[in-house]
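So the chains spell out like this:
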Amino acid sequence: MGIPTVADRVAQEVARRYLEPRLEPVFHTDSYGYRPGRSAIDAVRQARQRCWRYDWVLDIDVKGYFDSIDWELMLKAVRRHTDCAWVLLYIERWLKAPVQIEDGSVVPRTAGTPQGGVISPLLANLFLHYAFDTWMARSFPRIPFERYADDAICHCRSAEEAQALWGALADRFAACKLVLHPEKTKIVYCKDANRRSGFLHQSFGFLGFMFRARKALGRGRRAFACFLPAVSPKALKAISRTIRRWTLHHHSDKSLQDLAETYNPYIEGWINYYGHFYRTQLRSTLKRIDVYVIRWARRKFKRLRRKTKGARDWFERLRRANPTLLAHWQLCHGNGRTSGAV
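Now for a look at the structure at hand.

### Observations regarding the overall build of the protein
Then comes step 1: The helix and strand inventory of the protein stands at 13 helices and 9 strands.
Then comes step 2: Principal axes of the C-alpha set define a box for the protein whose edges measure 70 × 55 × 35 Å.
Then comes step 3: Long-range contacts, defined as pairs at least 24 residues apart, comprise 67% of the intrachain contacts of the protein with a sequence gap of at least 6.
Then comes step 4: When the accessible surface of the protein is summed, it comes to about 18,100 Å², and 50% of that surface belongs to carbon and sulfur atoms.
Then comes step 5: Here the protein carries 59 positive and 32 negative side-chain charges, and the mean point of each set is 11 Å from the other.

Okay, here's the thing in structure tokens:
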């Protein structure tokens with residue numbers, strides 16, 4: 001992560017506004033990251049639909065992407081879209097600027113575009129547009145993909161096709177001075193009710209979601225296995241850590257309304273993002289907030305301090321009387337569907 005100075009942030013925004021209208025029309029339709037009118041949810045939704053039509057996925061991970069971008073190749077890509085002298089000059093300066101670390105020392109850099117810069121996402125997209133998107137369209141036009149920044153998945157009809165793509169892509173990235181992560185890049189079989197078992201990898205993570213076989217309801221509400229995304233275990237663990245860091249139960253000086261106003265934006269953000277697909281996977285993690293609310297009540301109200309059951313009864317009465325006070329209550333205690341896919 002590299003945070004530019006205020007002056008550079010302003011200048012980078014000017015350059016971004018100059019370049020984006022020139023680059024946006026040429027970017028690939030399956031590139032979703034940091035683009036106006038596109039989102040990670042759009043990428044996940046498209047990936048879900050394609051996983052139903054293609055049996056195999058090549059899950060791509062570029063090792064240290066933002067730190068590995070070659071400056072000369074990057075500037076070559078920029079020059080294909082502008083000959084504006086000041087834009088080229090400033091981009092080259094930003095790419096090659098050293099980094100000042102916490103102790104005040106200045107460290108030179110030899111490659112990459114620091115994450116945190118205003119223009120860095122646009123430049124990173126442009127680099128992979130030529131290193132990956134246009135190459136895929138030219139070399140493997142029948143293999144669809146979704147890419148969000150450096151996170152990409154490709155849909156293949158067979159394991160052999162996925163393996164051939166992996167080898168060709170490794171060579172392509174090497175020519176662009178990038179490296180596929182040898183452990184995180186993998187071939188995944190999209191196992192569901194109509195596909196056989198017995199393959200090593202049958203799940204993959206993409207943009208905070210885990211794709212794997214999950215229970216779904218078909219015609220007549222009959223259960224069957226379907227390859228679906230839901231919030232990933234890693235994301236749930238991060239949410240749990242955040243809830244724990246709140247130490248909500250220690251804020252007995254505040255009212256529950258105050259706490260709701262403070263924490264509902266976080267809760268709503270999780271539900272609005274991860275709740276797009278199989279939203280009930282969020283329930284068990286978000287219910288941990290209720291445990292802290294009960295602990296908060298036992299600290300705040302003397303009559304509840306020695307009565308665990310009394311505090312739980314108090315909580316149930318509160319929740320029924322104010323079903324929307326905390327943003328997760330309707331999801332966790334309402335009549336949500338088994339599958340929240342939309």
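### Side note on the packing of aromatic side chains
Then comes step 1: One pass over the structure, following the stated rule, counts 23 aromatic pairs.
Then comes step 2: Grouping aromatic residues by their ring pairs yields a cluster made of Phe209, Tyr273, Tyr274 and Phe277.
Then comes step 3: Sitting above the plane of the Tyr18 ring, Arg22 keeps its charged end 3.8 Å from the centroid.
Then comes step 4: Across from the ring centre of Tyr278, 5.8 Å away, lies the NZ or CZ of Arg214, which sits over that ring.

Here is what the cut-offs are and how they apply
Residues numbered from 1 in each chain as written. Predicted model: local features only at pLDDT ≥ 70, side-chain atom pairs only at ≥ 80, totals over all residues. Heavy atoms only, no water. Helix = DSSP H or I, 4+ residues; strand = E, 2+ residues; numbered from the N terminus. Contact = heavy atoms within 4.5 Å. Areas by Shrake-Rupley, 256 points an atom, 1.4 Å probe, with all protein chains shown as cover. Lys, Arg positive; Asp, Glu negative; His and termini not counted. Charge placed at Lys NZ, Arg CZ, Asp CG, Glu CD. Phe/Tyr/Trp six-rings, centres within 6.5 Å; stacked < 30°, edge-to-face > 60°. Lys NZ or Arg CZ within 6 Å of the ring centre and 35° of its normal.

Fair warning: the whole summary comes from geometry, so function is off the table for now.
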